[in-house]
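Structural description and commentary
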Amino acid sequence: MLPQKRPGEGKEGDSETVVKKDRLTYSTGFETSQETTSSGIGCSNSSNGINNENILGENSFVADMAFDDGNSRDIDEDLHSRQLAVYGRETMRRLFASSVLVSGLNGLGAEIAKNLILAGVKSVTLHDEGKVELWDLSGNFIFTEQDLGKNRALASIQKLQELNNAVTVSTLTTKLSKEHLAHFQAVVFTDLDLKTAIEYDDYCHNHQPPIAFVKTEVRGLFGSVFCDFGPQFTVLDVDGEEPHTGIIASISNDNPAIVSCVDDERLEFQDGDLVVFSEIHGMTELNDGKPRKVKDVRAFSFSLDEDTTSFSAYEKGGIVTQLKQPKTLNFKPLREAISDPGDFLLSDFSKFDRPPLLHLAFQSLDKFASDFGRFPDPGSEDDAQRLISITNALNQSSDVKLDDINPKLLRYFSFGARAVLNPMAAMFGGIVGQEVVKACSGKFHPLFQFFYFDSLESLPTEPLDPNDYKPLNSRYDAQISVFGSKLQKKLEEAKVFVVGSGALGCEFLKNLALMGVSCGKNGKLTITDDDVIEKSNLSRQFLFRDWNIGQPKSTVAAAAASSINPHLCIEALQNRVGTETENVFDDSFWENLTIVVNALDNVNARLYVDQKCLYFQKPLLESGTLGAKCNTQMVIPHLTENYGASRDPPEKQAPMCTVHSFPHNIHHCLTWARSEFEGLLEKTPAEVNAYLSNPGEYASAMRSAGDAQSRNNLEHVIECLVSERCESFNDCIQWAREKFEDYFSNRIKQLVFTFPEDAITSTGAPFWSAPKRMPHPLEFSAADPSHLHFIRAASILRAETFGIPIPEWVKNSEKLAVAVRNVLIPDFLPKSGVKIEIDEKATNLATASADDAAVINELISKLEQARVMLPPNFRLRPIQFEKDDDTNFHMDLIAGLANMRARNYSIPEVDKLKAKFIAGRIIPAIATSTAMATGLVCLELYKAIDGSHKVEDYRNTFANLALPLFSMAEPVPPKVIKHQDMSWTVWDRWIIRNSPTLRELLKWLSDKGLSAYSISFGSCLLYNSMFPRHKERMDKKIVDLVRDIAKADLPSFRNHVDVVVACEDEDDNDVDIPLVSVYFR
């Protein structure tokens, strides 16, 4: 069951500190923490549980009309917008009511606490009795050398509090008792012995209501998680996906009934799913809202587990919607699960037998620590043998014995048992943070119940001497205990390029700083990002604070990373990486790099960086997130395919005629709304200004184009300057009211006049067949708040474009209603012969005609007459859409446009927040999946920096923390092309030096058994054997041909040109050869 309210808590005494919600004034988030003391636990002012009033499924809420502010009082939507896109409001409210204990502030505990505070739980209590050691600095981003000797919880509180002042962060520094646990909805332990864990879990499991218990550990390159959320835990939403839907085309009167859907999109139902029907004409018996089970699901049809032979005949219409069901899980307590673990959650199918062994290994390590009062020493063969002996004894006494306890693996497990590596902490911090969110909210399927992971492949390929593991009294000692000092030196001397400083970039910088990457005297980390910090970034881009809003991301992130590790050699740039900045990121820049880490949010930039890494043969570590999902891809020279070798299919776009005249879902309505917003408030005002800035040139350009688009542009400019020009705010109200009538009444009347309800297609089928929805016009009412909100938003934005002052009274609905009622709206009569586009292949709604040129001349004349009537220096103010400012009325207008249109077509409306996600194309994002992705990438970075691993050692990963699902696999190797005794891949580049002539280049290729028949530079053809005149170029240097024929400007930093050569072999078969680089300097 979900956690309930707990009794109010009293004070716990002087062993606790709490940082309240007042803003802490620190210049960055990473200076030496100051210990603050005040009594009371952070959650003492009110009950900790969930408010169970009105707890509904995420999709069962009744949408507020989007035109009210859409803001819940307890959720800062500007801050949490990306997280709300993943969780929804109800989940966020449950999180806001949840108190969590994190015990053990090692690197893993810090990561978990960070992710929970960013998520916005009610309170986080940090428990740790230990003191900060030098060893901690390798894995914990909070601590600095100035914190050595301080209590770990006290040293953490200030910096963790700065992440989110809406969360109460407190500490507990004395021994924990079971009674402390009653204050929390969830408790997490990162360094707890098995005996005590069983005792605590029994208490949590049997408590009423149950307390979610998570035990997790990171030991070198090994990690574990155990979850117990109680004997009956309800999962409200198992996967977080929107319910699948289908548009019905037909339903048979059969037993079982066969339901066919339109072939617009494949059905995503699965056999056994429950569905509900709505909007069916004819067979209305199915509109009763009763859940029905589907079976025999195919691409566009399914069977219904129901007899419809006695039902009315199906006529038309209908929507079928998946009904998501809650799921109850029965967790076993740790006492039982340790000996009967059930199925383990797998991450890597090449290690199918690994989880049972690690289950045993972690128990053996616990016994080692119990017997000897410590963990094994790094590099100690004696301790490794002791651990192996303990494991063997436990295995022999087990009911289910393992055939092989893998002493080699246990040896590495022993060597790194004291180390909390940052990449492992980041990965498991993401996983465990997400499990706590599930425990507090019921959102997503919990991990059930054990998860084990190792990354032994990250170890150096060459055997290490035991002395290599010994500590050097440095902040990297924990990492050295796993990888040895030689790899540490390589990490410190690496030259790294991190592209992007958003959520991924912040996590990467933290990880790299802790790992010591680019922290040596010859190392250097370059980070670039051309963006500035916005409020919505703060919920996951954890290196930023609210006082950084408006500052460059890369500069702030670099300063914060330097605070984590002062030895980091970092340079922050504000340049976009692309062709326009190749003077900054020139050949020598790329050539000097050791590795590139992408932290980008768009495919085009990724493809550009991929091509550069391919060209300069640099490893590229690629990753991305989407809500609870993340993926990583390793691009390693000559070992793997490159990022651009495989592409996702392009996103399906709705036909233009569907969006403009025949929408059948809210996405279509919002696409249309954003298009209208940009046309009315940005494009047309910009066209007006372009004309007024240079009337003659603008008119000439329109005449030269002479097409339907030019005619449309001119018509809109004339409307703006003549018939729809606004001089007062009342004019803006009139314009808004007329737009309402045009959009939602007149156009609909014209549409149903042109295509009446009984219209048929050329094939004789009803025109208004699925997926088309028959619309109806709206009648404006000033008493309807949604109508009035539309008028308010439209008139305010219209006034902004014309520079008209906005009166205060517009915010008063009664006064606005009076003003709107004074607007006279003429009657509308539909016209015959109006063409409405119905061709789904059409890409432009502007219809060309033979007299376009004449009409354009007439329009230009009208425009000249209008211009002389304008005040001097008259200009409009185009408005660019900005989704993340809830005070600018942009989303109010777009949501208003979309929902009124949805009302026309009887499409379910959405609130402003949902409209913002869709129209603003917001990518759902949460801190947990971001942390996990970067942890996984940094485990691969060890391999790439070491430089001697084989392709089978690398891992690409896809993970979905909602399910949870982890899928790791070897990267795909590059395609090999062979010719004679040569072979090459996409990674190869042929180089010819000393500035050859065309003849010398052809001879050079001929010596390889290749006959070149075409040579090109970019899109320019330098040579083709079919053109006799090209033979005159034989003795010209390639670089001169590039300058003279391609007209290329070769800057001083460029020392070569790249040409594409088409070749044949001796049998006239085409041979795809690598790019040829011709060096001329």
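Residues numbered from 1 in each chain as written. Predicted model: local features only at pLDDT ≥ 70, side-chain atom pairs only at ≥ 80, totals over all residues. Heavy atoms only, no water.

So, the overall build of the chain
- A tally of helices and strands in the chain yields 30 helices and 32 strands.
- The C-alpha atoms of the chain give a radius of gyration of 33 Å, which matches the 31 Å a tight globule of 1081 residues would have.
- Dimensions of the chain, computed from C-alpha atoms along their principal axes, come out at roughly 95 × 85 × 65 Å.
- Scored against the burial criterion, the 1081 residues of the chain give a buried share of 56%.
- Taking as baseline every contact in the chain between residues at least 6 positions apart, the subset at least 24 positions apart corresponds to 74%.
- When the accessible surface of the chain is totalled, it reaches about 45,400 Å², and 49% of it is carbon and sulfur.
- Taking the 113 positively charged and 151 negatively charged side chains of the chain as two groups, their mean positions are separated by 3 Å. (Helix = DSSP H or I, 4+ residues; strand = E, 2+ residues; numbered from the N terminus. Rg over C-alpha atoms; globule rule 2.2 N^0.38 Å. Buried < 20%, exposed > 50% of the residue type's maximum accessible area, 1.4 Å probe, protein only. Contact = heavy atoms within 4.5 Å. Areas by Shrake-Rupley, 256 points an atom, 1.4 Å probe, with all protein chains shown as cover. Lys, Arg positive; Asp, Glu negative; His and termini not counted. Charge placed at Lys NZ, Arg CZ, Asp CG, Glu CD.)

Regarding the pattern of salt bridges
- For the structure shown, the criterion picks out 66 salt bridges.
- Its salt-bridge partner being Lys-916, residue Asp-884 comes within 3.8 Å of it at the nearest N-O pair. With Asp-884 in the loop between helix H25 (852-867) and helix H26 (890-904) and Lys-916 in helix H27 (residues 912-919), this residue pair connects regions lying 32 residues apart in the sequence. Lys-916 carries the same exposure label as Asp-884, and that label is buried.
- A network of salt bridges, in which partner residues are shared, links Asp-348, Lys-351, Arg-354, Asp-454, Glu-457 and Arg-955. (Salt bridge = Lys/Arg side-chain N within 4 Å of Asp/Glu carboxyl O.)

Structural notes on the packing of aromatic side chains
- Overall, the coordinates contain 48 aromatic pairs when judged by the stated rule.
- Taken together, a centroid distance of 4.9 Å and an interplanar angle of 90° make the contact between Phe-497 and Phe-589 edge-to-face. You can see Phe-497 sitting in strand E17 (residues 495-499) and its partner Phe-589 sitting in helix H16 (residues 587-591), a full 92 residues away along the chain. Both residues of the pair, Phe-497 and Phe-589, belong to the buried class.
- Among the aromatic residues, ring-to-ring pairing joins Phe-189, Tyr-200, Phe-213, Phe-222, Phe-226, Phe-344, Phe-362, Phe-413, Phe-450 and Tyr-452 into one connected group.
- It is Lys-114 that lies over the ring of Phe-542; its NZ or CZ is 4.8 Å from the centre.
- The ring of Trp-135 has Arg-418 lying over it, and the distance from NZ or CZ to the ring centre is 4.1 Å. (Phe/Tyr/Trp six-rings, centres within 6.5 Å; stacked < 30°, edge-to-face > 60°. Lys NZ or Arg CZ within 6 Å of the ring centre and 35° of its normal.)

Quick word on the environment of Gln-617
- Structurally, the position occupied by Gln-617 is in the loop between helix H17 (603-616) and strand E21 (620-626).
- The exposure class of Gln-617 is partly exposed, given its relative accessible area of 31%.
- Linking Gln-617 and Ala-794, residues 177 residues apart in sequence, is a C-alpha distance of 53 Å.
- Beyond its immediate stretch of four places on either side in the chain, Gln-617 contacts Pro-637, His-638, Trp-987, Asp-988 and Arg-989.
- There is a polar contact of 2.9 Å between the side chain of Gln-617 and the side chain of His-638. (Polar contact = N/O pair within 3.5 Å; in protein donor to acceptor, adjacent residues only side chain to side chain.)

Examining helix H19 (residues 666-693)
- With 28 residues, H19 should reach 40 Å at 1.5 Å per residue; the first-to-last C-alpha distance of 39 Å fits that figure.
- By the N-cap criterion, in which a side-chain oxygen at the helix start approaches the backbone nitrogen of a residue two or three places on, H19 is capped by Asn-665, the distance to His-667 being 3.0 Å. (Expected span 1.5 Å × (residues − 1).)

Structural notes on the sheet that holds E21
- Spatially, E19-E18-E17-E20-E21-E22-E23-E24 is the arrangement adopted by the eight strands of the open sheet, whose pairing is mixed. Of all strands in the sheet, those bounded by a partner on one side alone are strand E19 (570-573) and strand E24 (965-969). Each neighbouring strand pair of the sheet contributes to a mean axis angle of 10°, computed without reference to strand direction.
- In terms of strand pairing, strand E20 (residues 595-598) meets E21 through two bridges, oriented parallel. Each residue of the ladder has a partner; that of Val-596, found in E21, is Leu-620. (Pairing = 2+ DSSP bridges. Axes fitted to C-alpha atoms, helices over the stretch in contact; angles between N-to-C directions.)

Considerations on the state of the cysteines
- Across all of its chains, the model carries zero disulfides by this definition.
- Looking at the unpaired Cys-204, the closest cysteine sulfur is the one in Cys-440, lying at 12 Å.
- Taking relative accessible area as the criterion, Cys-204 reaches 0% and is therefore assigned buried.
- No disulfide involves Cys-613; its sulfur sits 16 Å from that of Cys-938, the nearest cysteine. (Disulfide = S-S within 2.5 Å.)

Brief notes about the side chain of Asp-273
- Along the chain, Asp-273 turns up in the loop between strand E10 (257-261) and strand E11 (274-278).
- Buried and unpaired, Asp-273 has Lys-293 as its nearest opposite-charge partner, separated by 9.7 Å.
- Polar side-chain contacts of Asp-273 include one of 2.9 Å to the backbone nitrogen of Gln-270.
- Here the side chain of Asp-273 touches Gln-322 through a polar contact of 3.5 Å, side chain to side chain.
- Those residues within four positions of Asp-273 in sequence are excluded, and the remaining contacts are Arg-292, Lys-293, Val-294 and Gln-322.

A short note on the pairing of strand E14 (residues 319-323)
- Bridging between strand E9 (residues 245-251) and E14 involves three bridges; their strand directions are antiparallel. Looking across to E14, one finds that Ile-247 is bridged to Ile-319.
- In this structure, E11 lies alongside E14, joined through five bridges in antiparallel fashion. By the bridge assignment, Phe-277 is partnered in E14 with Val-320.

A closer look at the sheet that holds E10
- What the six strands build is a closed barrel, ordered E9-E10-E13-E12-E11-E14; its pairing is antiparallel. Direction aside, neighbouring strands of the sheet carry axes that sit 45° apart on average.

Remarks on the nonpolar core
- Residues Phe-451 and Leu-941 are the most contacted members of the largest nonpolar core, which totals 167 residues.
- Here the element with the most residues in this core is helix H28 (residues 927-946); it accounts for 11 residues.
- Counting 79 residues, the second largest nonpolar core, distinct from the first, contains Val-688, Trp-768, Ile-796 and Ala-919. (Core = buried A, V, L, I, M, F, W, Y, C linked by side-chain atoms within 4.5 Å.)

Quick notes on the packing of helix H22 (residues 729-754) against helix H23 (residues 785-802)
- The interhelical angle for the contact between H22 and H23, taken along N-to-C directions, is 125°, at an axis separation of 8 Å. What the angle tells us is that H22 and H23 run oblique. For the pair H22 and H23, the crossing hand works out as right-handed. Mapping the contact onto sequence places Phe-729, Cys-732, Ile-733, Trp-735, Ala-736, Arg-737, Phe-740 and Phe-744 in H22 and His-787, Phe-790, Ile-791, Ala-794, Ser-795, Ile-796, Arg-798 and Ala-799 in H23.
- For the contact of H22 with H23, the per-class residue count stands at 12 nonpolar, two polar and two charged. (Parallel < 35°, antiparallel > 145°, perpendicular 65-115°, else oblique. Left-handed = near helix turned anticlockwise from the far one by under 90°. Nonpolar A, V, L, I, M, F, W, Y, C, P; charged D, E, K, R; others polar.)

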